[in-house]
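Take a look at the letters that make up each chain.
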Amino acid sequence: VGGRSLRRLCRVSCCCFASVNETHLNRFREILGDRDVVTDSDVLAVHNQDWLKQYHGKSSLMLQPRTTEAVSKVLAYCNDNRISVVPQGGNTGLVGGSIPLGDEVILSLLKMRQIRGINKTSGIVTCDAGITLEELNNFCRENAFIVPLDLGAKGSCTIGGNISTNAGGIRFLRYGTLHGTVSGLEVVMANGEIINTLDALRKDNTGYDLKQLFIGAEGSLGVVT
Ligand SMILES: Cc1cc2nc3c(=O)[nH]c(=O)nc-3n(C[C@H](O)[C@H](O)[C@H](O)COP(=O)(O)OP(=O)(O)OC[C@H]3O[C@@H](n4cnc5c(N)ncnc54)[C@H](O)[C@@H]3O)c2cc1C
């Protein structure tokens, strides 16, 4: 419920978000290229509705960045121009957090799909936020590991969405929460700043453990990339 409630509160207290216009669209096309700026209403219809068909948004624009740098540029521009944004992964969430409350821009992570690699000594795998849980688990299995998370929506839900909802699932009792099994994150803040806590070392007791803030934050504090 968190993400939706937080955004609803935000909507109540800041009523001055801009509606997307042609100038904005042109800038998004410059950043992402035409094919990753989606205005087709048939495509958008799927992303304006949640899995349970309970929540309905009215977004007229979906952006599909492929890199962290592109996410950063998009968010910085939206921030400067007071354009509201809702991050979306596989859109399998059951509490409406991935659905626009109104006409927010949908920032889809589905095109960020690379698995960066696996360190077989530490057992740490690094991947983009838009990889599905099933794809990541298949990759890990090929390397004689498993992802310590499994749930019914694995074919569609994304790692970024799993982290942002602090998903539980059927391996929870054995392996614990994502607060313990996520070793690091790359996150883009609303102003475009990139925070990188990706670390190949499991034991890291230096300073604040910033990544914990983003696990379960439903995209309210930044976009996990
Ligand atoms: C059949 C089925 C079974 C399920 N079983 C379980 C279960 O066992 N346990 C469980 O916990 N959940 C379960 N769920 C719920 C859902 O699958 C999880 O919440 C999943 O983690 C959502 O991932 P997603 O990629 O679909 O995220 P989305 O639904 O797209 O988004 C969920 C939230 O995260 C935010 N978000 C998405 N991606 C990012 C990102 N990259 N950065 C920042 N914010 C982001 C969105 O804004 C939204 O607030 C189930 C759902 C279904 C349909």
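In this report, the structure presented in the accompanying data block is examined. Sequence order as written defines the numbering, with residues in each chain counted from 1. Local features in a predicted model are, by the rule used here, given only for residues with pLDDT of at least 70; side-chain atom pairs are given and counted only at 80 or more, and totals for whole chains, interfaces and linings are based on all residues. The basis for the side-chain values is all heavy atoms of the structure; hydrogens and waters are excluded.

### Concerning the site of the ligand
We apply this condition: Throughout, near means a residue has at least one heavy atom within 4 Å of the molecule or strand. Under this definition, polar contacts are N or O atom pairs within 3.5 Å; protein pairs additionally need one hydrogen-donor-capable and one acceptor-capable atom, and for neighbouring residues in sequence, both atoms have to be side-chain atoms. The method behind every accessible area is Shrake-Rupley, applied with a 1.4 Å probe, and residues are considered shielded solely by the protein chains displayed. Strands here mean DSSP runs of E at least two residues long; helices mean DSSP runs of H or I at least four residues long; both are numbered from the N terminus. Polar here means any residue outside two lists: the nonpolar Ala, Val, Leu, Ile, Met, Phe, Trp, Tyr, Cys and Pro, and the charged Asp, Glu, Lys and Arg; Gly therefore counts as polar.
Taken together, the neighbourhood of the ligand is formed by 30 residues, with P87, G89, T92, T158 and E218 sitting nearest. Residue T158 places a side-chain N or O atom 2.7 Å away from an oxygen atom belonging to the ligand. Bound to the protein, the ligand loses 86% of the 980 Å² it would expose on its own. If you list the elements that add at least two residues to the shell around the ligand, you get β3 (85-88), α6 (159-165) and β9 (223-224). Top element by residues in the shell around the ligand is α6. It accounts for 5 residues. Here the residues of the shell around the ligand sort into 11 nonpolar, 18 polar and 1 charged.

### Brief notes about unusual backbone geometry
Of note, K53 is a non-glycine position whose phi angle comes to about 60°, a positive value. Here K53 lies in the loop between α3 (41-47) and β2 (62-63). If you check the backbone angles, A144 has positive phi at about 65° while not being a glycine.

### As for the pairing of strand β5 (residues 115-119)
Defined as follows: We call two strands paired when DSSP finds no fewer than two bridges between them.
In the sheet, β5 pairs with strand β6 (residues 124-127) via 4 bridges, with the strands oriented antiparallel. When the sheet's bridge partners are listed, G117 is paired in β6 with T126. If you look at the hairpin formed by β5 and β6, you'll find 4 residues sitting between the two strands, and G123 has a positive phi there, around 75°.

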